[in-house]
Every structure is written in structure tokens, then in C-alpha cells.
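Geometric and topological summary
The chain contents come next:
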Amino acid sequence: MGVNDSRLSTDFARIGTNYKLSNILAAVGLVQMNHVDELLNQRLELSQNYIELLQGQKQVVIPKTTAQGKHSRQSFCIYVNNRDQIMKQMRDQSIEVQIGTYALHLHPAFVPSDFCHIQGDMAGSKYAFDHCLTLPLYHELTKTDQETVVDILKHFL
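Residues numbered from 1 in each chain as written. Predicted model: local features only at pLDDT ≥ 70, side-chain atom pairs only at ≥ 80, totals over all residues. Heavy atoms only, no water.

**A short note on the packing of helix α3 (residues 83-92) against helix α5 (residues 143-156)**
The condition that has to hold: Lines fitted to C-alpha atoms define the axes, with helix axes restricted to the stretch in contact, and inter-axis angles between N-to-C directions lie between 0 and 180 degrees. Numbering goes from the N terminus for both helices and strands, where a helix is a DSSP run of H or I of at least four residues and a strand is a run of E of at least two. Roughly parallel means an angle under 35 degrees; roughly antiparallel means over 145; roughly perpendicular covers 65 to 115; every other angle is labelled oblique. Handedness of a crossing is defined here by the sense of rotation of the near helix relative to the far one, left-handed for an anticlockwise turn of less than a right angle and right-handed for a clockwise turn. Whether two residues touch is decided by their heavy atoms; if any such pair falls within 4.5 Å, the residues are in contact. Charged residues are taken to be Asp, Glu, Lys and Arg, nonpolar residues to be Ala, Val, Leu, Ile, Met, Phe, Trp, Tyr, Cys and Pro, and polar residues to be all remaining types, Gly included.
Between α3 and α5, whose axes approach to 10 Å, the crossing angle comes to 130 degrees. With respect to their mutual orientation, α3 and α5 come out oblique. Classified by chirality, the crossing of α5 by α3 is right-handed. Between α3, through I86, Q89 and M90, and α5, the contact on the second element is made entirely by V149, I152, L153 and F156. In terms of residue class, the contact of α3 with α5 is made up of six nonpolar, one polar and no charged.

**Focus: the pairing of strand β2 (residues 76-80)**
This is how it is decided: We call a residue buried when its accessible area falls under 20% of the maximum for its residue type, exposed when it is over 50%, and partly exposed in between, using a 1.4 Å probe and counting protein chains only. Pairing between strands is defined by DSSP: at least two bridges between the two strands are required.
The element β2 is extensively covered by neighbouring structure, given that four of its five residues are classed as buried. One ladder, built from two bridges, connects strand β1 (residues 60-61) with β2; its direction is antiparallel. When the sheet's bridge partners are listed, V61 is paired in β2 with Y79. Pairing of β2 with strand β4 (residues 132-135), which is carried by four bridges, proceeds in the antiparallel orientation. For Y79, the partnering residue across the bridge sits in β4 and is C132.

**Comments concerning the packing of aromatic side chains**
Where we set the bar: Pairs were defined over the aromatic rings of Phe, Tyr and Trp, the Trp ring being its six-membered one, requiring ring centres within 6.5 Å. Orientation was assigned from the angle between planes: stacked under 30 degrees, edge-to-face over 60, tilted for the rest. Here, a charge over a ring means that NZ of Lys or CZ of Arg falls within 6 Å of the ring centre while also lying within 35 degrees of the ring normal.
Under the definition given, this model contains three aromatic pairs. The interplanar angle of 35 degrees and the centroid separation of 5.9 Å between the aromatic rings of Y79 and Y127 together place this pair among those described as tilted. Of this pair, Y79 sits in strand β2 while Y127 sits in helix α4 (residues 123-131); the two residues are 48 residues apart in sequence, bridging distant segments of the chain. The exposure class assigned to Y79 is partly exposed, which follows from its relative accessible area of 22%. Over the ring of F129 we find R83, and its NZ or CZ is 5.5 Å from the ring centre.

**As for the environment of M87**
Along the chain, the position of M87 falls in helix α3. Separated by 46 residues in the primary sequence, M87 and L133 place their C-alpha atoms 7.5 Å from one another. Once you skip the residues sitting within four places of it in the chain, M87 turns out to touch V97, Q98, I99 and L133.

**Some points on α5**
Heads up, the rule is: Multiply 1.5 Å by the residue count of a helix minus one, and that product is the helix's expected span. The directions considered for the arc run from the helix axis to the C-beta atoms.
Taking 1.5 Å of rise per residue, the 14 residues of α5 would be expected to cover 20 Å, and the 20 Å separating its terminal C-alpha atoms lies within 8% of that figure. Three or more residues of α5 are buried, namely Q146, V149, V150, I152, L153 and F156. Considered in projection along α5, the buried side chains sweep an arc of 165 degrees and stay on one side of the axis. The exposed residues of α5 that point more than 90 degrees off its buried face are K143, T144 and H155. Buried positions along α5 lie against α2 (36-54), β1, β2, α3 and β4.

**What to know about the nonpolar core**
The tendency in soluble globular proteins is for nonpolar side chains to be buried side by side. This is how the line gets drawn: The set of buried Ala, Val, Leu, Ile, Met, Phe, Trp, Tyr and Cys residues whose side-chain atoms join them within 4.5 Å is what this entry labels a nonpolar core.
The biggest cluster of nonpolar side chains holds 25 residues, and the ones touching the most others in it are L54, I78, M90, L133 and L135. For this core, the element with the highest residue contribution is α5, accounting for five residues.

Rendered as C-alpha cells:
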């Protein structure tokens, strides 16, 4: 019972792990840790800029971070209706947006079995999969780039 969904380019067939960090990459990562606060702050600034640019857009829901929490902003996700249509239209405009998350319970690897038990209807997971859109977020992204992304997004909402 796999996901026969044209939105997915990935089909998780088996539960497993993905360990790809070589010694060389670990060494690079250790050096980057000297700059982690700067990198995180930059992502937080870019994310805050998206939040300000999207303020007042009733068709966009921005997930909230708890008052005590601090989000690393590995990605900047929003919830929209017609996510797939908006994603296609934005990609047609050379804006690389992505599916925000996958509903793992819909993949063959997570079909209920002796090794995998699913409780509940997973409505939240399914909703997130159907509506979550990841906007571009990377260190070289400029505020002008973000304005372009948001202007194009607003056009397709």
C-alpha cells in the first residue's frame, strides 16, 4: 500500500537510517561549529524577514515557535491551500520551493505490521503533507530575493 501520489518523488520502501557523514565532512563540520551562532542568527534574520513580508496574508499560515523555544530555521515552511499548484507555478517562475514534509504513514515502509504500529488517523501528518510549502532559505539569500519570492507567491495565492 504505497503512496500513489504524483506529488511524491520519493517512496520510502523500508525503514532504515542514513549515515553519510564521513571523517572529512565531520572535520569540516567541527570548523563550522565555530560559526554556528552567526549562521543561526543569519537564518533567524532571514526567517523574520519572510514573516514580515508575509504579514497580513490570510491565505498563508506561518507555524509558530513556542515562547520558550528557539527555532533553528533549517527550513522556512508555511501552510497554504493548493500547495501543489502553487509549487508548480513558482517553480515555473524559477523559484525552487519544496514539499514541506512527508506523511510517513502513507509510505510502504510504515504500513502497519509486527514492526510498525500506527495509532490514530494521522490527520495532522496528512494535513501537513498536503499544505506545507518550504520557501527558499540559504545563507546567500538576500532581502531582495525574498521580496521576489513573496511577490510571486502572493500572485499565485
